[in-house]
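Coordinate analysis (summary)
Residues per chain are reported as follows:
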Amino acid sequence: MTGTSFISINEAIKKKKGKIAIRGWIYRERGSNKFKFLVIRDSTNLIQVVLKKEKFKKQWKEIDALQIEASIEVEGTIKEDKRAPIGFEVQAEKIKIIGKSDNFPIQKDQSTEFLLDNRHLWIRSRKMVSIMKIRSTVFQALREYFNNLGYYEFHSPSISSVAESGQELFEVKYYNHKLFLSQTWQFHAEAAMYGLEKIYTIAPSFRAEKSKTTRHLSEYWHTEVEAAWMNLDELMDLGEGTVKHVLKRVLEKNKKELKILNRDTNILKKYLTKKWPRITYDKALKLLKEKKKMKILWGKDLRTIEEDKLTQIYGLPVFITHYPKKEMAFYKPRDPKTPKTSICFDLIVPEGWCELIGGSERDTNIKELKKSLKAIKEKLENYRWYLDINKYGAIPHAGFGLGTERLIAWICKLDSVKDAIGFPRTMLRYSP
Ligand code: 4AD
Ligand code: MG
């Protein structure tokens, strides 16, 4: 239908009546010997189109053979219809079949694994489209938040020679060297912070995670910030502000998508209205013992189940600070007031999602840094340039990293972080 000006389904619905031309894919179809009912989808909405056999005598055979996911163009008249699923219906006057579809493999009630194997097709589903729209809002809101606070967007290399823990590395054959895909933007960011002071990024991080959990990806989008002169409390303010801003934007912009996903938005609104508690690791152990009868040996990292219990106590996201120094990444500084702990936090979130952000002040004491690196058997020469930064006008600074897919999965209440990204990468899943 050359020369026709097509509008989106949402625009057609806004018009309420009159002639319209739309195009999209068949979402559902059923027929009788007099009519064909097609539900058409585009990126904006769904609408039912009715075709009368007597109007389309010549084309009827191909219309009758239309299957789900075929693409079509339709011209017709839109009108309100209380019985139609979204309250409107189009009486078709012209139809053009653009792309046929033969036995679309995804039918109702298919297993999660099947849907993952067919993600290249499942990505069109209402569920995935809704999540991807929310994902887009999340990225936009993150950038908006940091930009408004005067942060610069800064980029680190994705191929790196420095890391925080050796077990999770993806090796890269880099000419004659063995390097790896970067786990974090942080190290180069700390160097850049000395020029730009306030910086952030949203970029892929790579972790060769052996664990097959619902919270781990091998490639995830890592939102990271680094700021000069910042202390732990200010850093937690920034983390809370970031997540709350994103929540606010998604609640404003994605009502429809949250509804499609069956998300209880009252819970999300509650997270917005209250200040999130901040407790030390010591207090967390005490609470777990007193309220949940869980005894944890001091020095052990908290497991997901324990983090989940803690968020249940408050019904809110919770900051846990001052974890045992010996369990922590080498750059997290010792707290002189409680020397067995470090000046760091994790933000854990309710509803089974647990660790969403990890952050800390940064150690600038070269001696301490060397000691910590040796303790984890890192080669000091690889960290030469990182240690060098602190020789010239070192200042207190801090930063955090947020798992963007975990944030999306938490907001949408997804079963797995794998649904928060278009094409997930895990130990077992590298295709499509
Ligand atoms: O706690 P992590 O490992 O911290 C860092 O990498 C710091 N260098 C960040 C910084 O201070 N700039 O990772 C930060 C966050 C975690 O809290 C978690 O939400 C997410 O990244 N994350 C993952 N998300 C998905 N899949 C994985 N395999 C993840 N590993 C960490
Ligand atoms: Mg962490």
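Residues numbered from 1 in each chain as written. Chains lettered and ligands numbered in written order. Predicted model: local features only at pLDDT ≥ 70, side-chain atom pairs only at ≥ 80, totals over all residues. Heavy atoms only, no water.

1. Focus on the site of ligand 1
Looking at ligand 1, there are 22 residues lining it, with Glu 164, Gln 186, Arg 207, Glu 224 and Glu 355 nearest. Measuring from a nitrogen atom of ligand 1, one finds a side-chain N or O atom of Thr 184 at 3.0 Å. Arg 362 places a side-chain nitrogen or oxygen 2.9 Å from an oxygen atom of ligand 1. Expressed as a share of its isolated accessible area of 620 Å², the protein-covered part of ligand 1 is 93%. When contributions to the shell around ligand 1 are tallied by element, the ones reaching two or more residues are β11 (219–228), β17 (354–361) and β18 (397–403). Grouping the constituent residues of the shell around ligand 1 by class yields six nonpolar, eight polar and eight charged. (Near = heavy atom within 4 Å. Polar contact = N/O pair within 3.5 Å; in protein donor to acceptor, adjacent residues only side chain to side chain. Areas by Shrake-Rupley, 256 points an atom, 1.4 Å probe, with all protein chains shown as cover. Helix = DSSP H or I, 4+ residues; strand = E, 2+ residues; numbered from the N terminus. Nonpolar A, V, L, I, M, F, W, Y, C, P; charged D, E, K, R; others polar.)

2. Some points on the sheet that holds strand β16 (residues 344–349)
Two pairing modes exist for strands in a sheet, parallel and antiparallel, and in both the strands are linked by backbone hydrogen bonds. Strands sit in the order β6-β10-β11-β18-β17-β16-β13-β12 across an open sheet of eight strands; the sheet is mixed. Two strands bound the open sheet, and with one partner strand each, they are β6 (152–153) and β12 (278–280). Both strand β13 (residues 318–321) and β16 contribute to a ladder of four bridges, which runs antiparallel. Within the sheet, the bridge partner assigned to Ile 320 lies in β16 and is Asp 346. Together, β6, β10 (198–206), β11 and β18 form the strand contacts of helix α5 (residues 126–148), whose direction differs from that of β10 by roughly 150°. Taken strand by strand, helix α14 (residues 404–412) contacts β10, β11, β16, β17 and β18, and its axis lies near 55° from that of β18. (Pairing = 2+ DSSP bridges. Contact = heavy atoms within 4.5 Å. Axes fitted to C-alpha atoms, helices over the stretch in contact; angles between N-to-C directions.)

3. Overview of the side chain of Thr 321
Mapped onto the fold, Thr 321 is located in strand β13. Every residue in contact with Thr 321, bar those within four places of it in the chain, is listed here: Leu 232, Met 236, Ile 279, Thr 280, Tyr 281, Cys 344 and Phe 345.

4. As for α14
Summarising burial for α14: nine of the nine residues are buried, a large majority. Every buried residue of α14 is listed here: Thr 404, Glu 405, Arg 406, Leu 407, Ile 408, Ala 409, Trp 410, Ile 411 and Cys 412. Just downstream of α14, Lys 413 is the residue with a positive phi angle, here 55°. (Buried < 20%, exposed > 50% of the residue type's maximum accessible area, 1.4 Å probe, protein only.)

5. Some words on a positive patch on the surface
A cluster of basic residues, Arg 28, Lys 108, Arg 126 and Lys 256, forms a positive patch at the surface. Of the residues examined, Arg 126 reaches a relative accessible area of 30% and is grouped as partly exposed. (Patch = residues over 30% accessible without salt bridge, like charges linked within 9 Å, V, L, I, M, F, W, Y side chains within 5 Å. Salt bridge = Lys/Arg side-chain N within 4 Å of Asp/Glu carboxyl O. Lys, Arg positive; Asp, Glu negative; His and termini not counted. Charge placed at Lys NZ, Arg CZ, Asp CG, Glu CD.)

6. Concerning the sheet that holds strand β5 (residues 88–99)
Read around the closed barrel, five strands run β1-β2-β3-β5-β4, paired in mixed fashion. This sheet shows a mean twist of 50° between the axes of neighbouring strands, independent of strand direction.

7. Quick notes on the layout of surface pockets
Estimated volume of the second largest pocket: approximately 960 Å³. Together, 34 residues line the second largest pocket, and Ile 106, Gln 107, Lys 108, Trp 122 and Ser 125 are the ones closest to its centre. If you list the elements that add at least two residues to the lining of the second largest pocket, you get β1 (18–31), β2 (35–41), α3 (112–117), α4 (119–122) and α5. (1 Å grid on protein atoms, 1.4 Å probe; cavity = no way out; pocket = protein on both sides within 12 Å on 5 of 7 lines; lining within 4 Å. Points joined across faces, edges and corners; volume = space filled by probe spheres on them.)

8. Section: the pattern of salt bridges
Taken as a whole and assessed by the stated rule, the structure comprises 27 salt bridges. The salt bridge partner of Arg 249 is Glu 252, with a shortest N-O separation of 2.8 Å. On the criterion of helical spacing, the pair formed by Arg 249 and Glu 252 is a turn pair, its members being three residues apart in helix α7 (residues 232–253). On the basis of relative accessible area, Arg 249 is assigned to the buried category, the value being 19%. Of the residues examined, Glu 252 reaches a relative accessible area of 41% and is grouped as partly exposed. Connected through shared salt-bridge partners, Asp 233, Asp 237, Glu 240, Lys 244 and Arg 278 make up one network.

9. A short note on the nonpolar core
Of all hydrophobic cores here, the largest spans 58 residues; its most connected members are Trp 410 and Ile 411. Once residues lying within four places of it in the same chain are set aside, the contact partners of Trp 410 are Val 243, Leu 247, Arg 263, Tyr 271, Pro 317, Val 349, Pro 350, Glu 351, Trp 353 and Leu 356. Counting residues in each nonpolar core, the second largest holds 24 residues, with Ile 20, Val 49, Leu 66 and Val 90 among its members. (Core = buried A, V, L, I, M, F, W, Y, C linked by side-chain atoms within 4.5 Å.)

10. Looking at the environment of Leu 402
The topology assignment puts Leu 402 in strand β18. For the pair Leu 402 and Gly 358, spaced 44 residues apart in sequence, the C-alpha to C-alpha distance is 6.7 Å. Leu 402 has contacts with Trp 221, His 222, Thr 223, Val 243, Leu 356, Ile 357 and Leu 407, leaving out every residue within four places of it along the chain.

11. Remarks on the packing of α5 against α14
Where α5 meets α14, the axes come as close as 10 Å, and the angle between the chain directions of the two elements is 125°. On the basis of their axis angle, the class for α5 and α14 is oblique. Taken as a pair, α5 and α14 cross one another with a handedness that is right-handed. Seen from α5, the contacting residues are Ile 131, Ile 134, Arg 135, Val 138, Phe 139 and Leu 142; seen from α14, they are Thr 404, Glu 405, Leu 407, Ile 408, Ile 411 and Cys 412. (Parallel < 35°, antiparallel > 145°, perpendicular 65-115°, else oblique. Left-handed = near helix turned anticlockwise from the far one by under 90°.)

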